[in-house]
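Here is what each chain is made of, one letter per residue.
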Amino acid sequence: MATILFVFVGVICLMLGVRTFCAEERNKVFNKRPIQVTDVKKYNRLCGALIIGFGIAAEITIYFMVTTQGIVSSLCTLGIVAEAVIVMVLYQAIERKLLKRR
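Predicted model, so just to flag it, every value in this text is computed and none were measured. (Residues numbered from 1 in each chain as written. Predicted model: local features only at pLDDT ≥ 70, side-chain atom pairs only at ≥ 80, totals over all residues. Heavy atoms only, no water.)

Asks: Please provide a residue-by-residue account of the state of the cysteines, values included.
Replies: Between two cysteines, a covalent bond joining their sulfur atoms is known as a disulfide. Summed over the entire model, instances satisfying the criterion amount to zero disulfides. The thiol of Cys-13 is unpaired, and the distance to the nearest cysteine sulfur, on Cys-47, comes to 14 Å. With no disulfide partner, Cys-22 has as its closest neighbouring cysteine sulfur the one in Cys-47, 13 Å distant. Taking the relative accessible area as the measure of exposure, Cys-22 reaches 52% and is therefore exposed. (Disulfide = S-S within 2.5 Å. Buried < 20%, exposed > 50% of the residue type's maximum accessible area, 1.4 Å probe, protein only.)

Right, here's the structure in full:
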């Protein structure tokens, strides 16, 4: 069961990150509303790097979650939530930086 979770998270994050990283038009991974950015390629590359970075951090955390027991395993679950919050904070900074000024 743990191996399936480990592989699933890794493959999904890698696949989505590479697809976002290589996209020519604005991706819709982090938001569904249309936004205008100053540099679409830079925006997509930063978003792709965030996804791949989250995948790597989640894989490390899942590894420790599976190999340890007790309180450490529970703390790893909170670690994944913290990683997701950090990714969203970084994304908001990227979005603010690259949004077109009206």
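Asks: Pulling in residues and values, what's your account of the packing of helix 2 (residues 40-67) against helix 3 (residues 71-98)?
Replies: At a minimum axis separation of 9 Å, helix 2 and helix 3 run at an interaxial angle of 170°. Considered as vectors, helix 2 and helix 3 are oriented roughly antiparallel to each other. Only Ser-73, Cys-76, Thr-77, Ile-80, Glu-83, Ala-84, Val-87, Leu-90, Tyr-91, Ile-94, Lys-97 and Leu-98 of helix 3 make contact with helix 2, whose side of the interface consists of Lys-42, Tyr-43, Leu-46, Cys-47, Leu-50, Phe-54, Ala-57, Ala-58, Thr-61, Ile-62, Phe-64 and Met-65. Considered class by class, the residues forming the contact of helix 2 with helix 3 number 18 nonpolar, three polar and three charged. (Axes fitted to C-alpha atoms, helices over the stretch in contact; angles between N-to-C directions. Helix = DSSP H or I, 4+ residues; strand = E, 2+ residues; numbered from the N terminus. Parallel < 35°, antiparallel > 145°, perpendicular 65-115°, else oblique. Contact = heavy atoms within 4.5 Å. Nonpolar A, V, L, I, M, F, W, Y, C, P; charged D, E, K, R; others polar.)

Asks: Account for helix 1 (residues 2-21), with residues named and values stated.
Replies: Look at helix 1: 28 Å from first C-alpha to last across 20 residues, which is about the 28 Å you get at 1.5 Å a residue. Every buried residue of helix 1 is accounted for by Val-9, Cys-13, Gly-17 and Thr-20. Down the axis of helix 1, the buried set is contained in an arc of 65°. They therefore lie on one face. Turned more than 90 degrees from where helix 1 packs its buried face, Thr-3, Ile-4, Phe-8, Met-15 and Arg-19 sit exposed. On its buried face, helix 1 sits against helix 2. (Expected span 1.5 Å × (residues − 1). Arc of directions from axis to C-beta.)

Asks: Help me get a handle on helix 2, residues and values and all.
Replies: Between the first and last C-alpha of helix 2 there are 41 Å, a value that for 28 residues agrees with the 40 Å anticipated at 1.5 Å per step. Within the span of helix 2, buried status applies to Tyr-43, Asn-44, Cys-47, Gly-48, Leu-50, Ile-51, Gly-55, Ala-58, Glu-59, Thr-61, Ile-62 and Met-65. Elements that come into contact with the buried residues of helix 2 comprise helix 1 and helix 3.

Asks: Summarise the nonpolar core; cite the residues concerned and give the values.
Replies: Counting residues in each nonpolar core, the largest one holds 11 residues, listed as Phe-30, Ile-35, Val-37, Tyr-43, Cys-47, Leu-50, Ile-51, Val-87, Tyr-91, Ile-94 and Leu-98. Elements with a minimum of two residues in this core: helix 2 and helix 3. Excluding anything up to four places from it in sequence, Ile-94 contacts Tyr-43, Leu-46 and Leu-50. (Core = buried A, V, L, I, M, F, W, Y, C linked by side-chain atoms within 4.5 Å.)

Asks: Before we move on, can you summarise the packing of aromatic side chains with the specific residues and values?
Replies: Tallied over the entire structure, the rule returns two aromatic pairs. For the ring pair Tyr-43 and Tyr-91, a centre distance of 6.2 Å and an interplane angle of 65° mean the geometry is edge-to-face. Highlighted residues: Tyr-43 in helix 2 and Tyr-91 in helix 3, separated in sequence by 48 residues. Judged by centre distance (5.5 Å) and plane angle (70°), the ring pair of Tyr-63 and Phe-64 falls under edge-to-face. Judged by relative accessible area, Tyr-63 falls into the partly exposed class, the value being 46%. Note on Phe-64: relative accessible area 42%, which makes it partly exposed. One cation-aromatic arrangement involves Arg-45 over Phe-21; the distance from NZ or CZ to the ring centre is 5.9 Å. (Phe/Tyr/Trp six-rings, centres within 6.5 Å; stacked < 30°, edge-to-face > 60°. Lys NZ or Arg CZ within 6 Å of the ring centre and 35° of its normal.)

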